[in-house]
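Single-letter residue listing:
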Amino acid sequence: MSEDTVMTQPAEAQSPEMTKGLCKELSIVLAKFPRVRLGHLPTPLEPMDRLSEMLGGPRIWVKRDDCTGLSSGGNKTRKLEYLMADAQAQGADTIITQGATQSNHARQTAAAAAKLGMACHILLEDRTGFNDPNYILNGNVLMDRLHGATVSKRGDGTDMNAEMDAVAEKLKSDGHKPYVVPGGGSNPIGALGYVNCARELSEQAVDLGLKIDALVHATGSSGTQAGLVTGLAAVQSDIHLLGIGVRAPQEKQEQMVWDLAQRTAAKLGTGLEIDRDMVRANCDYVGPGYGLPTEGMKMAVRLLAETEGLLFDPVYSGKGLDGLIDLVRKGHFGDMENIVFLHTGGSAALFGYPETFDLPGYTN
Ligand SMILES: *Cc1c(COP(=O)(O)O)cnc(C)c1O
């Protein structure tokens with residue numbers, strides 16, 4: 001065990017009945033908010049036994065939010081169920097959003113807009129400077145275009161919110177009704193999707209008779225973690241939640257998550273308080289920067305593909321897994337028995353990074 005091993009509190013375990021009751025109450029609160037069904041929910045919760053055996057520590061499970069079904073799936077689908085319902089409620093006919101070139105969020109938003117009969121404008125920020133034609137045109141970008149979105153590019157460091165507002169103004173003056181979805185779908189409305197996921201996972205664990213000790217996932221624009229923090233607090237869960245950062249340094253990341261979690265809790269309107277110490281991010285696995293490959297990510301993506309038949313991505317879930325694997329090896333999770341990795345999706349981006357994995361060629 002290393003110095004920063006997590007100490008689990010010998011807390012009074014919550015009874016299954018109490019968990020179910022709190023989940024039921026939370027679903028009643030969530031039912032106040034307009035929602036359009038876009039995802040295949042609940043997503044499966046499955047053990048990763050070969051990985052667990054290899055690491056020789058806790059049993060590791062995967063929550064398959066890569067299987068949400070919308071245009072190859074991913075975590076943005078849950079957020080879009082609430083965001084697109086809000087857009088519909090406001091009478092929008094056009095969705096505007098932004099992301100990095102290989103944005104999974106942009107792809108799922110384009111698909112949601114297509115399904116709901118809305119136009120979609122996507123602004124892609126070049127955060128990596130990569131010129132590989134696959135990076136620029138394949139993977140998520142191919143899918144954005146297949147879904148009929150209008151795609152335009154912006155340089156690194158552009159004020160993307162200002163750019164979206166400018167596109168919205170232009171569309172308004174042409175008689176359209178645009179609705180701006182923030183990058184990553186991360187605002188209190190989008191985060192409701194992960195409040196709902198926390199409820200779903202808590203119920204699933206009761207049904208399986210499983211005591212989940214920790215939940216680990218990749219954290220970026222923060223809506224996923226903020227929603228989970230809020231949802232877990234609402235059901236009084238003692239699951240140790242840990243985000244693995246993909247962009248910002250730790251202090252900034254935790255601040256973003258905490259801020260959004262507090263606003264999400266306020267939106268629920270139940271007086272729920274979010275303590276600062278419920279927000280934990282480890283940002284040691286970012287490497288040289290957002291969307292830039294690391295050796296650990298490559299190893300993790302190949303390992304899971306080879307041992308579990310699962311596909312992860314270079315930008316988010318691969319770095320999240322790198323963090324999980326390294327922390328398990330370092331004994332960070334102490335004597336915890338069950339750890340869930342939330343698979344947030346993103347494998348469509350693999351096709352934008354074909355040269356990254358140093359794979360062997362054909363054999364004769
Ligand atoms: C967007 C994304 C994340 C991060 O979720 P946030 O809510 O932005 O923090 C993680 N994994 C994948 C695959 C994503 O596309």
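Heads up: these notes are all about the structure in this document. (Residues numbered from 1 in each chain as written. Predicted model: local features only at pLDDT ≥ 70, side-chain atom pairs only at ≥ 80, totals over all residues. Heavy atoms only, no water.)

### Some thoughts on the site of the ligand
In step 1: Residues in contact with the ligand amount to 17 residues; listed here are only the nearest, Lys76, Lys79, Ser221, Thr224 and Thr344.
In step 2: Between the ligand and Thr344 there is a distance of 2.6 Å, counted from a nitrogen atom to a side-chain nitrogen or oxygen.
In step 3: Here the ligand loses 98% of its free accessible area of 380 Å² to cover by the protein chains.
In step 4: Put simply, the ligand lies in the second largest pocket.
In step 5: Those elements that place two or more of their residues in the shell around the ligand are helix 3 (76–89), strand 7 (214–219) and helix 9 (223–234).
In step 6: Taken together, the residues of the shell around the ligand break down into two nonpolar, twelve polar and three charged. (Near = heavy atom within 4 Å. Polar contact = N/O pair within 3.5 Å; in protein donor to acceptor, adjacent residues only side chain to side chain. Areas by Shrake-Rupley, 256 points an atom, 1.4 Å probe, with all protein chains shown as cover. 1 Å grid on protein atoms, 1.4 Å probe; cavity = no way out; pocket = protein on both sides within 12 Å on 5 of 7 lines; lining within 4 Å. Sits in = over half its atoms within 2 Å of the grid points. Helix = DSSP H or I, 4+ residues; strand = E, 2+ residues; numbered from the N terminus. Nonpolar A, V, L, I, M, F, W, Y, C, P; charged D, E, K, R; others polar.)

### Digging into the packing of helix 3 against helix 4 (residues 104–115)
In step 1: Remark: helix 3 packs on helix 4, axes separated minimally by 10 Å, with the N-to-C direction vectors making an angle of 45 degrees. Considered as vectors, helix 3 and helix 4 are oriented oblique to each other. The handedness of the crossing between helix 3 and helix 4 is right-handed. Contact residues: Lys76, Thr77, Leu80 and Met84 in helix 3; Asn104, His105, Gln108, Thr109, Ala112 and Ala113 in helix 4. (Axes fitted to C-alpha atoms, helices over the stretch in contact; angles between N-to-C directions. Parallel < 35°, antiparallel > 145°, perpendicular 65-115°, else oblique. Left-handed = near helix turned anticlockwise from the far one by under 90°. Contact = heavy atoms within 4.5 Å.)

### Structural notes on the nonpolar core
In step 1: Residues Leu26, Leu30, Met84, Ile95, Ile122, Tyr179 and Leu268 are the most contacted members of the largest nonpolar core, which totals 36 residues.
In step 2: Contributing elements (two or more residues each) for this core: helix 1 (16–30), helix 3, helix 4, strand 4 (119–125) and helix 8 (188–208).
In step 3: The element contributing the most residues to this core is helix 3, with six residues.
In step 4: Excluding residues within four positions of it along the chain, Leu268 makes contact with Leu26, Val29, Leu30, Lys32, Phe33, Leu192, Val195 and Thr230.
In step 5: Within the second largest apolar cluster, 29 residues are counted, among which are Leu55, Ala300, Phe312 and Phe357. (Core = buried A, V, L, I, M, F, W, Y, C linked by side-chain atoms within 4.5 Å. Buried < 20%, exposed > 50% of the residue type's maximum accessible area, 1.4 Å probe, protein only.)

### Things to note about the side chain of His217
In step 1: Along the chain, the position of His217 falls in strand 7.
In step 2: Judged by relative accessible area, His217 falls into the buried class, the value being 0%.
In step 3: His217 has contacts with Thr224, Gln225, Leu228, Leu241, Leu242, Gly243, Ile244, Phe341 and Leu342, leaving out every residue within four places of it along the chain.

### Here's the deal with the sheet that holds strand 7
In step 1: The six strands lie next to each other as 1-2-10-7-8-9, forming an open sheet whose pairing is mixed. The sheet is open, and its two borders are formed by strand 1 (45–47) and strand 9 (281–282), each paired with just one other strand.
In step 2: Sheet analysis places strand 7 next to strand 8 (residues 240–245), joined by six bridges and oriented parallel. The residue of strand 8 that forms the bridge with Leu215 is Leu241. (Pairing = 2+ DSSP bridges.)

### A word on the side chain of Asn187
In step 1: Residue placement: Asn187 occurs in the loop between strand 6 (178–180) and helix 8.
In step 2: For Asn187, a relative accessible area of 17% puts it in the buried group.
In step 3: Setting aside its immediate chain neighbours within four residues, Asn187 contacts Leu83, Pro182 and Leu260.

### Comments concerning the environment of Ser222
In step 1: For Ser222, the location among the structural elements is in the loop between strand 7 and helix 9.
In step 2: Assessed through its relative accessible area of 4%, Ser222 is described here as buried.
In step 3: Those residues in contact with Ser222, other than ones at most four positions away along the chain, are Ser186, Gln253, Met256, Val257 and Leu260.

### A few points about the layout of surface pockets
In step 1: Taken as a whole, the second largest pocket spans an internal volume of roughly 710 Å³.
In step 2: Together, 41 residues line the second largest pocket, and Arg127, Gly183, Gly220, Ser221 and Arg247 are the ones closest to its centre.
In step 3: Elements with a minimum of two residues in the lining of the second largest pocket: helix 3, strand 3 (94–100), helix 4, helix 7 (160–173), strand 7, helix 9 and helix 10 (250–268). (Points joined across faces, edges and corners; volume = space filled by probe spheres on them.)

### Some details on the pattern of salt bridges
In step 1: A full pass over the atoms with the stated rule returns 22 salt bridges.
In step 2: Glu163 serves as the salt-bridge partner of Arg154, at 2.5 Å between the closest nitrogen and oxygen.
In step 3: Residue Arg154 is classed as partly exposed on the basis of its relative accessible area of 22%.
In step 4: Between Lys170 and Asp174 there is a salt bridge; the shortest N-O distance is 2.9 Å.
In step 5: Residue class for Lys170 comes out exposed when judged on its relative accessible area of 52%.
In step 6: Note on Asp174: relative accessible area 45%, which makes it partly exposed.
In step 7: Here the residues in one salt-bridge network are Lys63, Asp65, Arg78 and Glu200, joined through shared partners. (Salt bridge = Lys/Arg side-chain N within 4 Å of Asp/Glu carboxyl O.)

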